[in-house]
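Close look at the chain arrangement
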Amino acid sequence: MARTEELGTNEPAQGANLPISPEDGKADLHTHTTYSDGALSPQELVQKAAAAGISVLAVTDHDHVGAIDEATAAGRELGITVVPGAELSVSLAGKDLHILAYFIDPTNRRFLDYLAFFRGERLRRAERIVQKLNTLNIPLKLDTVLEYAGIGAVGRPHIASALMEEGHVGSFHEAFDRFIGIGGPAYETKFQLQPEEAFRLVTASGGLSFLAHPGRYLSEQELLELIKMGLDGIEVTHPSHSDQQRAYYRSIVHQYFLLESGGSDFHGGRKHDDELFGQVTIPLHVVETMRSRLFSQ
Ligand code: AMP
Ligand code: ZN
Ligand code: FE
Ligand code: FE
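Residue indices begin from 1 for each chain and proceed along its sequence in written order. Whichever chain is written first is A, and whichever ligand is written first is 1; the rest continue in order. At least 70 in pLDDT is required for a residue's local features to be given in this predicted model, at least 80 for side-chain atom pairs to be given and counted, and no such filter applies to totals for whole chains, interfaces and linings, which use all residues. To obtain the side-chain values, all non-hydrogen atoms of the structure were included, while hydrogens and water were left out.

Points about unusual backbone geometry
Phi is positive for Asn 137, which is not a glycine, with a value near 65°. Along the chain, Asn 137 falls in the loop between helix H3 (109-135) and helix H4 (142-149). Burial here depends on accessible area, computed with a 1.4 Å probe over protein chains only, as a share of the maximum for the residue type. Under 20% is buried, over 50% is exposed, and the range in between is partly exposed. Residue classification places Asn 137 among the exposed residues on the basis of a relative accessible area of 68%. Although it is not a glycine, Phe 257 sits at a positive phi angle of roughly 55°. Every helix listed is a DSSP run of H or I at least four residues long, and every strand listed is a run of E at least two residues long, numbered separately from the N terminus. Mapped onto the fold, Phe 257 is located in the loop between helix H9 (243-255) and strand E7 (259-262).

So, a negative patch on the surface
Residues with no salt bridge and a relative accessible area higher than 30% make up the patches, which join like charges within 9 Å and nonpolar side chains (Val, Leu, Ile, Met, Phe, Trp, Tyr) within 5 Å. Calculation of accessible area relied on Shrake-Rupley with a 1.4 Å probe; when residues are assessed, cover is drawn exclusively from the protein chains displayed. Salt bridges are defined by distance alone: a side-chain nitrogen of Lys or Arg within 4 Å of a carboxyl oxygen of Asp or Glu. We count Lys and Arg on the positive side and Asp and Glu on the negative side, and we leave His and both chain ends out. Taken as the charge centre is NZ of Lys, CZ of Arg, CG of Asp or CD of Glu, depending on the residue. Taken together, the side chains of Asp 143, Glu 147, Glu 165 and Glu 166 present a region of like negative charge at the surface. Position of Asp 143 among the secondary structure elements: in helix H4.

A few points about the site of ligand 1
Any residue with a heavy atom positioned within 4 Å of a molecule or strand is treated as near that molecule or strand. What surrounds ligand 1 is a group of 13 residues, the closest being Arg 122, Arg 125, Arg 156, Lys 190 and Arg 270. In this structure, an oxygen atom belonging to ligand 1 sits 2.8 Å away from a side-chain N or O atom of Arg 125. Taking Lys 190, its side chain carries an N or O atom lying 2.7 Å from an oxygen atom of ligand 1. In the complex, 81% of the free accessible area of ligand 1, which totals 500 Å², lies under the protein chains. Breaking the shell around ligand 1 down by element, the ones donating at least two residues are H3, helix H5 (156-165) and helix H6 (172-180). When its residues are assigned to classes, the shell around ligand 1 shows three nonpolar, five polar and five charged. Two domains each donate at least three residues to the shell around ligand 1, and these are domain 1 (3-108 + 194-295) and domain 2 (116-180). In protein, a polar contact requires one atom able to donate a hydrogen and another able to accept it; more generally it is a pair of N or O atoms within 3.5 Å, and residues adjacent in sequence count only if both atoms are side-chain atoms. Side-chain classes are defined by residue name, with Ala, Val, Leu, Ile, Met, Phe, Trp, Tyr, Cys and Pro counting as nonpolar, Asp, Glu, Lys and Arg as charged, and the others, Gly among them, as polar. The split into domains, and so the bounds of each, comes from an automatic or database assignment of domains.

A few points about the domain arrangement of the protein chain
Split by domain assignment, the protein chain resolves into domain 1 (3-108 + 194-295) and domain 2 (116-180). Each of domain 1 and domain 2 was reduced to a C-alpha centroid, and the two centroids are 26 Å apart. When checking whether two residues touch, look at their non-hydrogen atoms; a contact exists if any pair is within 4.5 Å. On the domain 2 side, the residues contacting the nine residues of domain 1 number ten residues. Buried area is calculated as the accessible area (1.4 Å probe) missing from two parts once they are joined, with the contributions of both summed. For the pair domain 1 and domain 2, the two sides together bury roughly 880 Å², of which 53% comes from carbon and sulfur. On inspection of domain 1 and its partner domain 2, the count reaches one salt bridge. Taking the shortest distance from any N to any O, the salt bridge between Asp 63 and Arg 122 comes out at 2.8 Å. Put simply, domain 1 and domain 2 have five residue pairs in polar contact (both at pLDDT 80 or more) between them. Within the side of domain 1 that touches domain 2, the residues separate by chemical class into one nonpolar, five polar and three charged.

Comments concerning the coordination of the iron ion (ligand 3)
We call an atom a donor if it is N, O or S and sits within 2.8 Å of the metal, or 3.2 Å for Na, K and Ca. Water is not counted, so some sites may look partial. Taken together, the protein ligands of the iron ion (ligand 3) are Glu 87 (OE), His 98 (ND1) and His 213 (NE2), with distances of 2.1 to 2.3 Å. Of note, the iron ion (ligand 3) draws all its donor residues from one chain, in the sequence arrangement E-x10-H-x114-H. In this structure, the iron ion (ligand 3) is positioned 5.6 Å from the zinc ion (ligand 2). Note that Glu 87 is positioned in strand E3 (residues 81-92) and His 213 in the loop between strand E5 (208-211) and helix H8 (220-229), a separation of 126 residues in sequence. The buried category is assigned to His 213, whose relative accessible area is 1%.

Some points on the coordination of the iron ion (ligand 4)
Donor atoms from the polypeptide that coordinate the iron ion (ligand 4) comprise His 30 (NE2), His 32 (NE2), Glu 87 (OE) and Asp 265 (OD), at 2.1 to 2.3 Å from the metal. For the iron ion (ligand 4), the four donor atoms are set out with angles of 75 to 163° between them, so the coordination reads as irregular. Of note, the iron ion (ligand 4) draws all its donor residues from one chain, in the sequence arrangement H-x1-H-x54-E-x177-D. The distance between the iron ion (ligand 4) and the zinc ion (ligand 2) is 4.1 Å. Here Asp 265 lies in the loop between E7 and helix H10 (273-276) and Glu 87 lies in strand E3, a separation of 178 residues in the sequence. For the residue pair Glu 87 and Asp 265, the accessibility class agrees, reading buried in each case. Labels for metal geometry use angle windows, namely 85 to 135 degrees for all angles of a four-donor tetrahedral site, and for square planar (four donors) or octahedral (six donors) sites opposite donors over 155 degrees apart plus all others within 65 to 115; sites meeting none of these are irregular.

Points about the environment of Thr 31
By the element assignment, Thr 31 lies in strand E1 (residues 26-31). Residues Thr 31 and His 62 lie 31 residues apart in sequence; the distance between their C-alpha atoms is 9.7 Å. Setting aside residues no more than four positions away along its own chain, Thr 31 makes contact with Leu 45, Leu 57, Ala 58, Val 59, Thr 60, Asp 61, Ser 264, Phe 266 and Phe 277.

What about the pairing of E5?
For a regular strand, the rule is simple: side chains alternate between the two faces of the sheet. By the alternation rule, side chains of E5 split into Leu 208 and Phe 210 and Ser 209 and Leu 211, which are all buried. At least two DSSP bridges between two strands are required for those strands to pair. The pairing of strand E4 (residues 95-102) with E5 spans four bridges and is antiparallel. Counted as the bridge partner of Tyr 102 is Leu 208 from E5.

Structure follows, in structure tokens:
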């Protein structure tokens, strides 16, 4: 478990003094901005969160913490507490899993270096995907993909958008189904980070590691392996989870003394995302529990 002393600074970690009010409100701990594959800038996201009645917002871009400063400043204006976060990818038994890191120090040099490395790997993977598409007679250019990525860590959603806008597929989902989804003819894996390495990195950066949307891909055996490796918590509430899945993951959380998290996985500009925003949330006391595990030791 990370403690502020381990950050190598006498300053409390960002988030240690978050003004979370004890009365219950709504927290959304899984959101994306233009720093990865989200459609909104950090400021726009925070404004939207305010309008949706969210009072604690974790910004969790894929392999990027570039949005945190702007989001935090916007949050200060609008009375929203921004939890610094990121979504990392790790590999377990050949499966690509997502790990949400919360309360990391977004200025931690080692963390920033890792993120820069992962983004470089994402770029090389995008190049390989484009090459595969070209051999399939899809004349997509890497530059077009990079225009869609803009300042963000480049990912398959940018490739899907480029394929759609260039008229190679009829929809965003068709791009995944026909070409770039797992097992598709233009699929390429990401750089394979081991879960233990990710957990160590997050801990050394002052944060907590949560398994994102486990309902999508994990057996109980694999989940137990991750818990043994040092996972801190599970994203129990996610739009892809059924009521039964939420109950099941909550029972695992209780059984293994883990922490619980939840959020909308908002990207913006995608079907249902806008209507759902503000509805897939967790109560603030859940965030308070997380924070006390980190900062009260
Ligand atoms: P990447 O990190 O580049 O592998 O992209 C992963 C992201 O692509 C996920 O976070 C989802 O937002 C999106 N994605 C993955 N699979 C699909 C799919 N089958 N249909 C639509 N979006 C998907
Ligand atoms: Zn995403
Ligand atoms: Fe994810
Ligand atoms: Fe996500």
